[in-house]
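What follows is each chain in one-letter form.
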Amino acid sequence: MKKIDLLPIGSVVTVKGLEKKLMIYGRKQKRGGTNEIYDYVACMYPEGNISSQYNFFFNHKDIDKVIFRGYEDEEERFFRLQLLSM
């Protein structure tokens, strides 16, 4: 199984099958009402978080293109390593 490197929050991506750009604002998120954990939760870009009805849950393999990679510093890299080790 190939290990992924999660994108930082603030990253803007396109997802396979969806034309709208999405901005990642959470990682390793459980979708309400299910037990499934997704790599990312995102909102529409540039609109932002309108309501929970417009949250998009997807996995890294579903990303078609990375438009913008979010801010990264040592704290982000450390946190991301912790997420990936879960």
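These numbers come from a predicted model, not from an experiment.

Undergrad: Honestly, the sheet that holds strand E1 (residues 12-15) in this entry has me stumped. Any pointers?
TA: Picture the strands of a sheet paired through backbone hydrogen bonds; they go either parallel or antiparallel. Here we have 5 strands laid out as an open sheet, ordered E4-E3-E2-E1-E5, and antiparallel in their pairing. Unpaired on one side and paired on the other, strand E4 (56-58) and strand E5 (63-68) mark the two borders of the sheet. Along the sheet, successive strands turn relative to each other by an average axial angle of 45°, direction set aside. Of the pairings in the sheet, the one linking strand E3 (residues 37-44) to E4 comprises 3 bridges and is antiparallel in character. Within the sheet, the bridge partner assigned to Tyr 40 lies in E4 and is Phe 58.

Undergrad: What is the right way to read the environment of Pro 8 from this model?
TA: Along the chain, the position of Pro 8 falls in the segment before E1. Classification of Pro 8 by relative accessible area gives buried; the value is 0%. Each C-alpha atom of the pair Pro 8 and Pro 46 lies 17 Å from the other, and the pair is 38 residues apart in sequence. Not counting chain neighbours up to four residues away, the residues in contact with Pro 8 comprise Ile 24, Arg 27, Arg 69, Gly 70, Tyr 71, Glu 72, Glu 76 and Arg 80.

Undergrad: How should I be thinking about the confidence of the model for the chain in this particular structure?
TA: Close inspection of predicted coordinates is inappropriate in any region flagged by low pLDDT. Put simply, the chain has an average pLDDT of 91, and 95% of its residues get 70 or more. Taken element by element, the chain is modelled with least confidence in helix H1 (residues 74-85), mean pLDDT 89, and with most confidence in E1, mean pLDDT 98.

Undergrad: Any chance you could explain the pattern of salt bridges here in plain terms?
TA: Close approach of charged atoms lets side chains of opposite charge pair. In total, this model carries 9 salt bridges according to the counting rule given. Put simply, Asp 5 and Arg 80 hold a salt bridge, and the shortest N to O gap is 3.0 Å. One end of the pair, Asp 5, is in the segment before E1; the other, Arg 80, is in helix H1, and 75 residues separate them in sequence. Since its relative accessible area comes to 6%, Arg 80 is described here as buried. Between Glu 76 and Arg 27 there is a salt bridge, with its nearest N and O atoms 2.6 Å apart. Of the two residues, Glu 76 is situated in helix H1 and Arg 27 in strand E2 (residues 18-30); the sequence distance between them amounts to 49 residues. The same class applies to Glu 76 and to Arg 27, which are both buried. The structure contains a network of salt bridges with shared partners spanning Asp 5, Arg 27, Arg 69, Glu 72, Glu 76 and Arg 80.

Undergrad: Looking at this model, I keep getting lost on the pairing of E1. Mind explaining?
TA: In regular strands, side chains alternate between the two faces of the sheet. The two faces of E1 match: Val 12 and Thr 14 on one face and Val 13 and Val 15 on the other face are all buried. Strand direction decides the pairing type here: E1 and E2, joined by 3 bridges, are antiparallel. For Val 12, the partnering residue across the bridge sits in E2 and is Met 23. Here E1 hands over to E2 after 2 residues, with Gly 17 in that stretch at a positive phi of 85°. Across 4 bridges, E1 lies against E5 in antiparallel orientation.

Rules used throughout
- Residues numbered from 1 in each chain as written.
- Predicted model: local features only at pLDDT ≥ 70, side-chain atom pairs only at ≥ 80, totals over all residues.
- Heavy atoms only, no water.
- Pairing = 2+ DSSP bridges.
- Helix = DSSP H or I, 4+ residues; strand = E, 2+ residues; numbered from the N terminus.
- Axes fitted to C-alpha atoms, helices over the stretch in contact; angles between N-to-C directions.
- Buried < 20%, exposed > 50% of the residue type's maximum accessible area, 1.4 Å probe, protein only.
- Contact = heavy atoms within 4.5 Å.
- pLDDT = per-residue confidence, 0-100.
- Salt bridge = Lys/Arg side-chain N within 4 Å of Asp/Glu carboxyl O.

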